[in-house]
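A look at the structure
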Amino acid sequence: MRILIVDDEPAMHDSYRRSFAPVSADAGALDAMAAELFGDDDSAADEAGPDFQLTHAMQGLDGVAAVQAALRDGNPFAVAFIDVRMPPGIDGKETAARIRALDPNINLVIVTGFSDFSPIEISKAAGPADKIFYIAKPFEVAEVAQMATALAHRWQGDRELAEARELLAAQVVQLQEQGHELAANESRAIHMANHDSLTEAPNRLAFRRALTDRARSDAHFAVAMVDLDRFKLVNDTLGHLAGDELIRLICGVLQANIPAGGLVARLGGDEFGLLFDSPGTEAAEMECARILKACSGTFKVLGNSVQGGASIGLIVTEPGESRDPTDLMRRADLALNDAKRDGRGVVRVFDEGMDENIRLRRAIEGGLSRAIAKGELSLVYQPIVAREELEVVGFEALLRWNTEDHGPISPAVFIPIAEESNLIHELGDWVLSESLKVLAEWPTQYVSVNFSPRQFRRHNFVGRLVESVQRAGVAPQRVQIEITETAIFDDADRAAETLYKLRQMGFRIALDDFGTGYSSLYNIRKFALDCLKIDRSFIDGMGRERESAAIVHSIIHLGRALGLGVVAEGVETEAQLQALRVAGCSHMQGYLLSRPISQDVAREIAEARFLPNPLASDDDATDVEPGNGTHG
């Protein structure tokens, strides 16, 4: 520990040398003084005192120069003893002020027998006051040694504290940067998930979301589907780059001609969706005719003249009518198909005669109401496996309907119809009851049951669920509730309360089809969740689309950052499995690992606990058909 002595009297320097000479003495007085002055811990008294290295300066300017040199060499002084009166050079007050200006951390001890300056004056010049101390001449040898030892310990402690603060500050900055990076990644992922990469226009997901929001309002609005005429000819003759350029040009025309406040989205390929307010069918048809005319000109595409053209299918809805987004898009698409059949280049307004599915929908609704009683419903179970050893941790319960008259009907067909009526509650109660029965056959695995938005908003949803579990004698920890983003964001506050209650009771909560809805980092943190399930559309696109791969990686990193499990649905190829493992996805399910299986086979797999590793064999696991929709 370095000590600086600044005094103009050689005899005083000898006194300092004697004061810091090695002696064998009782350290009790030193410990008492340090504890009284600085509150040192008693344990410090047992430690050996510091090894002092003295530097002597006969005048104030010499002392200032010594401090400068020490700082330059990276070996600063801990304490400086400064005589106040040092003629003919600068006095102790000025010396202390200059040293303090160079080194704000040094402890200064003013040594004087007579001073022209009061302690207040010196503190103002060389403060802060808690780093200036005083010893009167003549001093005792022990007094100087005790003072130096106590201040040296304090100086060392101040340095360590400053280093700790710097480290903490750096860590805080690092955490802030990571937070900004995570927020930026989330923003990019949300943008990619909701925008078309070719045109930067909103995509199908964004269009459906906007349509859902508009359907909740009291506005009169129109939904139109636009399809380019003879687009395949452009691709075949001029190439795909020309086709892409034409799509971008047509998108710009649509955006320039859509009525104020309207939305243009690229739905895929050469098809666009339009959404705009309109007082009625006639006005909307006129707007579409104007838009159609704007798309029918000659476009310069990569140096070639291309004749543009399009067809439009239109539906206009009013308050009180059916406003299901899927149904509106389907009807507009039916009108578009009719326009294509009539020779292209026209606008067709939907009418009921175009909808051959209405009769089928009514037949399905009637059949569903009798399906349980007739024993036409059944459940199959798809394993959910952990990443490393493919341990089966749970099964997702999937509903199947095999009718006497029409054979199997896809859940993608009958579930939306059931959702529009109260039949979804009857189906959901049956699925939950049957799912809970199989748990008695499995050693430890949980069952994951899908709940639709309408079920989740059902009165006393939590009470009904708890009653079912208790009646079945099942631990809530073995039941996973799968809900979609739509279910919780329709009423976020109520959903947060419901999910909190379920988690408090021990139920597992999974957010299904993550990435296709309304989620944001803030909202996900707000809800009590156990895991995120990546929608199969992103998994399917990983190998073909950079955007899908980026979204999958972002979701996995988001889940890990929030301490949530991440389940990848629809894993159908070895390349997908390998990529998900490398990305750190915690769990997977899909046809590569196991197709949905019967109750008996599920019991055998549950008892075996592990699935064979597809990456360890040469078997082709991609010859199975993709799933035809899932629901609990």
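Structure first, text after, so check above.
Residues numbered from 1 in each chain as written. Predicted model: local features only at pLDDT ≥ 70, side-chain atom pairs only at ≥ 80, totals over all residues. Heavy atoms only, no water.

1. Observations regarding the packing of helix α6 (residues 141-194) against helix α21 (residues 546-561)
The geometry of α6 relative to α21 is characterised by a closest axis approach of 10 Å and an angle of 140° between their N-to-C directions. When the interaxial angle is binned, α6 and α21 end up oblique. Where α6 crosses over α21, the handedness of that crossing is left-handed. Seen from α6, the contacting residues are Leu182, Asn185, Ala189, Met192 and Ala193; seen from α21, they are Glu547, Ala550, Ile551, Ser554 and Ala561. (Axes fitted to C-alpha atoms, helices over the stretch in contact; angles between N-to-C directions. Helix = DSSP H or I, 4+ residues; strand = E, 2+ residues; numbered from the N terminus. Parallel < 35°, antiparallel > 145°, perpendicular 65-115°, else oblique. Left-handed = near helix turned anticlockwise from the far one by under 90°. Contact = heavy atoms within 4.5 Å.)

2. Remarks on the sheet that holds strand β12 (residues 347-349)
Spatial ordering of the open sheet is given by β7-β8-β6-β11-β12, a layout of five strands whose pairing is mixed. Looking along the sheet, the strands with just one partner apiece sit at the ends: β7 (263-268) and β12. Each strand axis lies, on average, 20° off the axis of its neighbour in the sheet, ignoring direction. Note that β7 and strand β8 (residues 271-277) share five bridges and pair antiparallel. (Pairing = 2+ DSSP bridges.)

3. Focus: the nonpolar core
In terms of nonpolar packing, the biggest core is built from 83 residues, with Leu499 and Leu580 touching the most fellow members. In terms of residue count, the dominant contributor to this core is helix α14 (residues 423-438) (eight residues). (Core = buried A, V, L, I, M, F, W, Y, C linked by side-chain atoms within 4.5 Å. Buried < 20%, exposed > 50% of the residue type's maximum accessible area, 1.4 Å probe, protein only.)

4. A closer look at the pairing of strand β3 (residues 79-83)
For β3, the tally of buried residues reaches five of five residues, placing the bulk of the element in the interior. Of the two faces of β3, the one carrying Val79, Phe81 and Asp83 and the one carrying Ala80 and Ile82 are both buried. Pairing geometry for strand β1 (residues 2-6) and β3, over four bridges, is parallel. Considered in β3, the bridge of Ile3 is made with Val79. Taken together, the five bridges between β3 and strand β4 (residues 107-112) define a ladder with parallel strand orientation.

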